[in-house]
Amino acid sequence: MTHRSRKPYIAGNWKMNLDRAKSLDLIKTVKGRLGDGNDREVGFFVPAIYLADVTAVAQGSPLGVGGQNIWYEANGAFTGELAPRMLREVGADRVLVGHSERRHVFHEPDEWMGRKVRAALDTDLLPIYCVGETLDERKGNRTDRVLKRQLESGFDKVLPIDAHRVTVAYEPVWAIGTGETATSEQVALAHRMIRKWLAQRVGEEAANLIRILYGGSVKPDNAKELMGIDSVDGLLVGGASLQAETFLPIIEYDR
Ligand code: 13P
């Protein structure tokens, strides 16, 4: 199966940026430009406080809207956290799990990842499970080991039958927000390793349904090259997803 048998997935992660008015403007603009969504999937991961408004504006379009994080319990004494069902309730259909900022700024441990991915799947939220090595880990030749450890924890409770609903994002930590994109060779190697691991974990047939995105300083001028890499099924975009002028050309990388 070649990678283009999987629908390209272009996702924007707004992180803690924009405000309510700018968020709604951006969704309106992208919605207006998007076709029927048949040939590519586009999703936005927005601050949870804006989810209800953003999903209301996105309605009637193929735009997917998701949260940037969840806790894995359905309710309880977890001050400041959000249950997957709460995101569903305000219209989200997807969620990021294990983003590098969650892991490195907020110290989320590997042990939580499998439960979060499982909780998302059980609530009908499509997870993008993020993995990626730090610069020290890459320099110390530990990239493969780190990615495998992260995959192991995230896929702990994923069954072959769930696989088509899970997306993996490879985001090298050193390439996030730095302007330094991984080289095509580095991306291809990491993606191939991830797909091989997935095939061993859930079987080749199920693994072939899982999309693997690249993230880290994706811009309009490198999107086409990145999408040209045989093992890249889509892009997870931070900074360049905050404005229509930079995000639309990434969505339309092949036009
Ligand atoms: P940048 O595109 O700003 O490097 O962010 C990447 C990212 O972390 C997306 O989740």
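Our structure's up above, just so we're on the same page.
Residues numbered from 1 in each chain as written. Predicted model: local features only at pLDDT ≥ 70, side-chain atom pairs only at ≥ 80, totals over all residues. Heavy atoms only, no water.

Visitor: Can you explain empty space enclosed by the protein? Please cite residues and give values.
Guide: The full count for this structure, using the stated rule, is one cavity of 30 Å³ or more. If you add up the space inside the largest cavity, you get close to 30 Å³. Around the largest cavity, the lining residues are Gly98, His99, Ser100, Arg103, Cys130, Val131, Gly132, Gln150, Glu171 and Val173. Elements with a contribution of two residues or more to the lining of the largest cavity: α4 (100–104) and β5 (126–131). Here the residues of the lining of the largest cavity are counted per class, giving three nonpolar, five polar and two charged. (1 Å grid on protein atoms, 1.4 Å probe; cavity = no way out; pocket = protein on both sides within 12 Å on 5 of 7 lines; lining within 4 Å. Points joined across faces, edges and corners; volume = space filled by probe spheres on them. Helix = DSSP H or I, 4+ residues; strand = E, 2+ residues; numbered from the N terminus. Nonpolar A, V, L, I, M, F, W, Y, C, P; charged D, E, K, R; others polar.)

Visitor: Help me get a handle on the environment of Leu82, residues and values and all.
Guide: With respect to the element layout, Leu82 can be found in the loop between β3 (64–67) and α3 (84–89). When its relative accessible area of 33% is taken as the criterion, Leu82 is described as partly exposed. Separated by 28 residues in the primary sequence, Leu82 and Asp110 place their C-alpha atoms 19 Å from one another. Here Leu82 is in contact with Ala48, Ile70, Trp71 and Leu87, once residues within four sequence places are set aside. (Buried < 20%, exposed > 50% of the residue type's maximum accessible area, 1.4 Å probe, protein only. Contact = heavy atoms within 4.5 Å.)

Visitor: Which residues make up the side chain of Thr55, and what are the values?
Guide: Assignment of secondary structure puts Thr55 in helix α2 (residues 51–58). Assessed through its relative accessible area of 14%, Thr55 is described here as buried. Those residues in contact with Thr55, other than ones at most four positions away along the chain, are Val65, Val90, Gly91 and Ala92.

Visitor: So what's going on with the site of the ligand? Residues and values would help.
Guide: The local shell around the ligand holds 14 residues, among which Lys15, His99, Gly177, Ser217 and Gly239 are the closest. Separating an oxygen atom of the ligand from a side-chain N or O atom of His99 is a distance of 2.8 Å. A distance of 2.9 Å separates an oxygen atom of the ligand from a polar atom in the backbone of Gly239. With the chains in place, 96% of the 300 Å² that the ligand exposes on its own is no longer accessible. For the shell around the ligand, the residue count by class is five nonpolar, seven polar and two charged. (Near = heavy atom within 4 Å. Polar contact = N/O pair within 3.5 Å; in protein donor to acceptor, adjacent residues only side chain to side chain. Areas by Shrake-Rupley, 256 points an atom, 1.4 Å probe, with all protein chains shown as cover.)

Visitor: Account for helix α10 (residues 220–228), naming residues and giving values.
Guide: Among the residues of α10, those classed as buried are Asn222, Ala223, Leu226 and Met227. End-on view of α10: buried residues confined to an arc of 135 degrees, all on one side of the axis. In α10, the exposed positions that point more than 90 degrees away from the buried face belong to Asp221, Lys224, Glu225 and Gly228. (Arc of directions from axis to C-beta.)

Visitor: Account for the pairing of β3, with residues named and values stated.
Guide: Along any regular strand the residues' side chains alternate between the sheet's two faces. Judged by which residues are buried, β3 turns out to be covered on both faces: Gly64 and Gly66 on one side and Val65 and Gly67 on the other are all buried. Two strands pair when backbone bridges link them, and strand β2 (residues 41–45) and β3 are joined in this way by three bridges, in the parallel orientation. Bridging across to β3, Phe44 finds its partner in Val65. Between the parallel elements β2 and β3, the chain passes through α2 in a crossover that is right-handed. Relative to strand β4 (residues 94–97), β3 is paired through two bridges, and the arrangement is parallel. Among the inter-strand pairings, Gly67 is bridged to a residue of β4, identified as Val95. Chirality of the crossover, the property in question, places the unit of β3, α3 and β4 among those that are right-handed. (Pairing = 2+ DSSP bridges. Right-handed = clockwise from strand over helix to strand, strands pointing away.)

Visitor: Describe in detail the layout of surface pockets, supporting the description with residues and values.
Guide: Each pocket or cavity is described by its volume, and for the largest pocket that value is around 520 Å³. In this structure, the largest pocket is lined by 20 residues; those nearest its centre are Met16, Gln68, Asn69, Arg102 and Phe106. By residue class, the composition of the lining of the largest pocket is 10 nonpolar, six polar and four charged.

Visitor: Report on the pattern of salt bridges, specifying residues and quantitative values.
Guide: All chains considered together, the criterion is met by 23 salt bridges. Across the pair Arg165 and Asp124 runs a salt bridge, and its minimum N-O distance is 3.3 Å. Here the residue Arg165 occupies a position in the loop between α7 (143–154) and β6 (167–170), and Asp124 occupies one in the loop between α5 (113–122) and β5, the gap between them amounting to 41 residues. Looking at Asp124, the relative accessible area reads 48%, which means it is partly exposed. Among the charged side chains, a network of salt bridges with common partners joins Arg33, Asp39, Arg40, Glu252, Asp254 and Arg255. (Salt bridge = Lys/Arg side-chain N within 4 Å of Asp/Glu carboxyl O.)

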